[in-house]
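# Fold and geometry: a report
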Amino acid sequence: MKRLQVDVAVIGGGTAGLGAYRAAKRFTPNVVMIEGGPYGTTCARVGCMPSKLLIAAAEAVHHIEVAPGFGVHPQGETRIDGKEVMDRVKRERDRFVGFVLEGVGEIPAQDKIEGYAHFIDDNNLTGRRAHSNSG
Ligand SMILES: Cc1cc2nc3c(=O)[nH]c(=O)nc-3n(C[C@H](O)[C@H](O)[C@H](O)COP(=O)(O)OP(=O)(O)OC[C@H]3O[C@@H](n4cnc5c(N)ncnc54)[C@H](O)[C@@H]3O)c2cc1C
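Residues numbered from 1 in each chain as written. Predicted model: local features only at pLDDT ≥ 70, side-chain atom pairs only at ≥ 80, totals over all residues. Heavy atoms only, no water.

## Description of the nonpolar core
With 12 residues, the main nonpolar core is built from Val10, Leu18, Tyr21, Ala24, Val31, Met33, Tyr39, Ala44, Val97, Val100, Val104 and Ile107. Put simply, the parts of the chain that give this core at least two residues each are α1 (15–25), β2 (31–35) and α4 (82–105). (Core = buried A, V, L, I, M, F, W, Y, C linked by side-chain atoms within 4.5 Å. Buried < 20%, exposed > 50% of the residue type's maximum accessible area, 1.4 Å probe, protein only. Helix = DSSP H or I, 4+ residues; strand = E, 2+ residues; numbered from the N terminus.)

Here it is in structure tokens:
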């Protein structure tokens with residue numbers, strides 16, 4: 001197994017890991033980021049961002065419902081097309097993830113390790129290769 005000696009090993013390439021990688025690089029070039037799952041961050045892929053896109057759709061309906069209280073009277077029945085709502089959520093989610101992947105793509109390949117990191121002791125990590133990553 002290939003052995004690497006680094007100053008900083010960042011475990012995880014999510015929001016915190018990407019920030020930690022960039023911060024560490026300001027002090028030493030000898031940094032690796034180890035990612036065991038897909039790149040893109042939990043926040044952009046399945047967390048904050050897609051959930052807020054869905055909430056925004058619900059808020060749009062809510063605004064229509066409360067509009068008469070403001071003297072604004074939308075005409076006709078409010079029709080919610082679930083597929084259209086989810087298509088937009090996914091489309092925008094993919095756009096956000098794309099920005100993150102662009103950033104990951106700018107990280108030199110030699111600084112990115114794919115696999116799940118496990119501590120052997122205080123200063124040594126081992127990695128089990130995970131599925132292929134994008135970015
Ligand atoms: C539905 C939902 C809605 C959310 N809404 C909000 C919100 O509105 N506001 C907010 O602040 N937060 C929200 N969150 C929480 C937010 O997404 C997380 O707090 C944030 O993404 C955590 O970032 P992170 O960098 O710690 O982890 P992540 O982005 O999850 O990154 C961790 C990475 O580490 C990798 N990893 C883990 N263990 C190892 C290992 N041993 N070796 C190698 N790689 C490893 C994982 O594969 C992953 O890619 C929400 C979460 C969910 C699920």
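Anyway, onward from the coordinates.
## Here we look at the site of the ligand
Lining the immediate environment of the ligand, one finds 20 residues, of which Ala16, Glu35, Thr42, Lys52 and Ala117 sit closest. Within the side chain of Thr42, a nitrogen or oxygen atom sits 2.3 Å from an oxygen atom of the ligand. Side-chain polar atom of Lys52 to an oxygen atom of the ligand: 2.7 Å apart, as the coordinates give it. Within the complex, 53% of the 990 Å² of free accessible area of the ligand lies under protein. Mapped onto the shell around the ligand, the elements with two or more residues apiece are α1, β2, α2 (42–45), α3 (48–66) and β4 (116–121). Sorting elements by how many residues they give to the shell around the ligand places α3 first, with 3 residues. (Near = heavy atom within 4 Å. Polar contact = N/O pair within 3.5 Å; in protein donor to acceptor, adjacent residues only side chain to side chain. Areas by Shrake-Rupley, 256 points an atom, 1.4 Å probe, with all protein chains shown as cover.)

## Considering the layout of surface pockets
Any space left empty among the atoms is revealed by the rolling of a water-sized probe across them. Taken as a whole, the second largest pocket encloses approximately 260 Å³ of empty space. As for the second largest pocket, its lining consists of 13 residues, and the residues nearest its centre are Ala57, Ala60, Val61, Ile80 and Val85. Where the lining of the second largest pocket is concerned, the elements lending two or more residues are α3 and α4. Looking at which element gives the most residues to the lining of the second largest pocket, the answer is α3, with 6 residues. Of the residues in the lining of the second largest pocket, the class split is 8 nonpolar, 1 polar and 4 charged. (1 Å grid on protein atoms, 1.4 Å probe; cavity = no way out; pocket = protein on both sides within 12 Å on 5 of 7 lines; lining within 4 Å. Points joined across faces, edges and corners; volume = space filled by probe spheres on them. Nonpolar A, V, L, I, M, F, W, Y, C, P; charged D, E, K, R; others polar.)

## Considerations on the side chain of Thr28
As for its placement among the helices and strands, Thr28 is situated in the loop between α1 and β2. At 2.6 Å, the side chain of Thr28 and the side chain of Asp7 are in polar contact. Apart from residues lying up to four places away in sequence, Thr28 is in contact with Asp7 and Val8. (Contact = heavy atoms within 4.5 Å.)

## A closer look at the sheet that holds strand β1 (residues 8–11)
A sheet is described by the order of its strands in space; here 3 strands give the open sequence β1-β2-β3, paired in parallel fashion. Only two strands of the sheet have a single neighbouring strand rather than two, namely β1 and β3 (112–114). Direction aside, the axes of adjacent strands within the sheet are offset by 25 degrees on average. Where α1 meets the sheet, its contacts fall on β1 and β2, and the angle it forms with β2 comes to roughly 170 degrees. (Pairing = 2+ DSSP bridges. Axes fitted to C-alpha atoms, helices over the stretch in contact; angles between N-to-C directions.)

## As for the state of the cysteines
Following the criterion strictly, the structure yields 1 disulfide and no others. Two residues, Cys43 and Cys48, share a disulfide whose sulfurs are 2.5 Å apart. One quick way to see it: the torsion about the S-S bond of Cys43 and Cys48 is about -140 degrees, and its sign makes the bridge left-handed. (Disulfide = S-S within 2.5 Å.)

## A look at the side chain of Asp111
Its location among the elements puts Asp111 in the loop between α4 and β3. Assessed through its relative accessible area of 6%, Asp111 is described here as buried. Separated by 2.8 Å, the side chains of Asp111 and Lys25 make a polar contact. Setting aside its immediate chain neighbours within four residues, Asp111 contacts Tyr21, Lys25, Val31, Val32 and Met33.

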